[in-house]
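Structure assessment
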Amino acid sequence: ATNQALTVVVITAVASGIGAALGQALGGRPGGILAGLIGALLVDLIGWAVWSYVMYLVGTRMFKGTATYGELLRTLGFAYSPGVLLILRFIPVLGGLLALAVGIWRIVTSFIAIREALDLDNGGTVATIVIGLLAYLAVLVVIGLVFGLVGLSTGALTGGLS
């Protein structure tokens with residue numbers, strides 16, 4: 001069922017991207033349409049793979065969960081399904097509320113997916129998510145710093161050449 005889970009993530013990523021692109025277009029930023037679409041696609045697809053792997057590592061190593069990476073990848077892929085509603089996030093006021101509701105809904109579905117895939121109790125699942133979230137954020141900070149340094153050095157080089 002990995003292909004089906006991937007299909008769910010792709011559909012939700014496309015829906016989110018369309019919502020972001022429409023928001024850019026309606027906000028008077030037509031240049032941001034493609035960036036909104038591609039950005040949402042990349043964030044959802046890469047985020048799904050990385051989040052699944054972090055949850056797998058934390059759940060199996062620290063809390064003795066019993067799952068393979070593929071099993072957790074599949075269950076978390078299906079947990080993304082509420083994200084299809086993000087196609088409507090361009091709507092003023094309603095879009096923000098909808099994004100909040102989808103975020104909460106995804107937390108609940110992810111909790112269930114992690115609990116069931118890793119065969120953990122509720123406490124172990126919460127601990128896995130909290131520790132995993134901290135690790136995930138640390139990874140994002142490191143990636144952000146690397147890209148920031150690359151951007152700074154590129155900017156410094158091009159600024160020095162002009």
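Residues numbered from 1 in each chain as written. Predicted model: local features only at pLDDT ≥ 70, side-chain atom pairs only at ≥ 80, totals over all residues. Heavy atoms only, no water.

A closer look at the overall build of the chain
Across its full length, the chain holds five helices and zero strands. When the backbone C-alpha atoms are referred to their principal axes, the chain occupies close to 55 × 40 × 30 Å. When the 162 residues of the chain are sorted by exposure, 33% land in the buried category. Approximately 9100 Å² of the chain is accessible, and the part contributed by carbon and sulfur atoms is 77%. In the chain, 7 positive and 5 negative side-chain charges are present, and the distance between their average locations comes to 11 Å. (Helix = DSSP H or I, 4+ residues; strand = E, 2+ residues; numbered from the N terminus. Buried < 20%, exposed > 50% of the residue type's maximum accessible area, 1.4 Å probe, protein only. Areas by Shrake-Rupley, 256 points an atom, 1.4 Å probe, with all protein chains shown as cover. Lys, Arg positive; Asp, Glu negative; His and termini not counted. Charge placed at Lys NZ, Arg CZ, Asp CG, Glu CD.)

What about the packing of helix α3 (residues 69–79) against helix α4 (residues 94–118)?
It is at 8 Å that the axes of α3 and α4 come closest, and there the two elements cross at 155°. When the axis of α3 is compared with that of α4, the two are roughly antiparallel. As α3 packs across α4, the resulting crossing turns out to be right-handed. Where α3 approaches α4, its residues E71, L72, T75, L76 and A79 are matched on the opposing element by R106, T109, S110, A113, I114, A117 and L118. In terms of residue class, the contact of α3 with α4 is built from seven nonpolar, three polar and two charged. (Axes fitted to C-alpha atoms, helices over the stretch in contact; angles between N-to-C directions. Parallel < 35°, antiparallel > 145°, perpendicular 65-115°, else oblique. Left-handed = near helix turned anticlockwise from the far one by under 90°. Contact = heavy atoms within 4.5 Å. Nonpolar A, V, L, I, M, F, W, Y, C, P; charged D, E, K, R; others polar.)

Comments concerning the packing of aromatic side chains
The full count for this structure, using the stated rule, is four aromatic pairs. Ring centres 6.1 Å apart and planes at 40° place the aromatic pair Y53 and Y56 in the tilted group. Within this pair, Y53 and its partner Y56 are both found in helix α2 (residues 33–62), separated by three residues, close to a single helical turn. Accessibility expressed as a relative area gives 17% for Y56, which makes it buried. Through a chain of ring-to-ring contacts, the aromatic side chains of Y53, Y56 and Y69 assemble into a single cluster. (Phe/Tyr/Trp six-rings, centres within 6.5 Å; stacked < 30°, edge-to-face > 60°.)

Things to note about the nonpolar core
Core analysis: the largest hydrophobic core is formed by 22 residues, its most contacted members being W48, W51, M55, L72, L76, I114 and L118. Going through the elements one at a time, α1 (2–26), α2, α3, α4 and α5 (122–161) are the ones with two or more residues in this core. Examining the composition of this core, we find that six residues originate from one element, α2, more than from any other. Not counting residues within four places of it along the chain, the set of residues in contact with L72 comprises S52, M55, Y56, A113, I114, A117 and L118. (Core = buried A, V, L, I, M, F, W, Y, C linked by side-chain atoms within 4.5 Å.)

Overview of the environment of G96
Take G96: it is sitting in helix α4. A residue is classified by how much of its surface remains accessible, and G96, at 49% relative accessible area, is partly exposed. Linking G96 and L86, residues ten residues apart in sequence, is a C-alpha distance of 9.6 Å.

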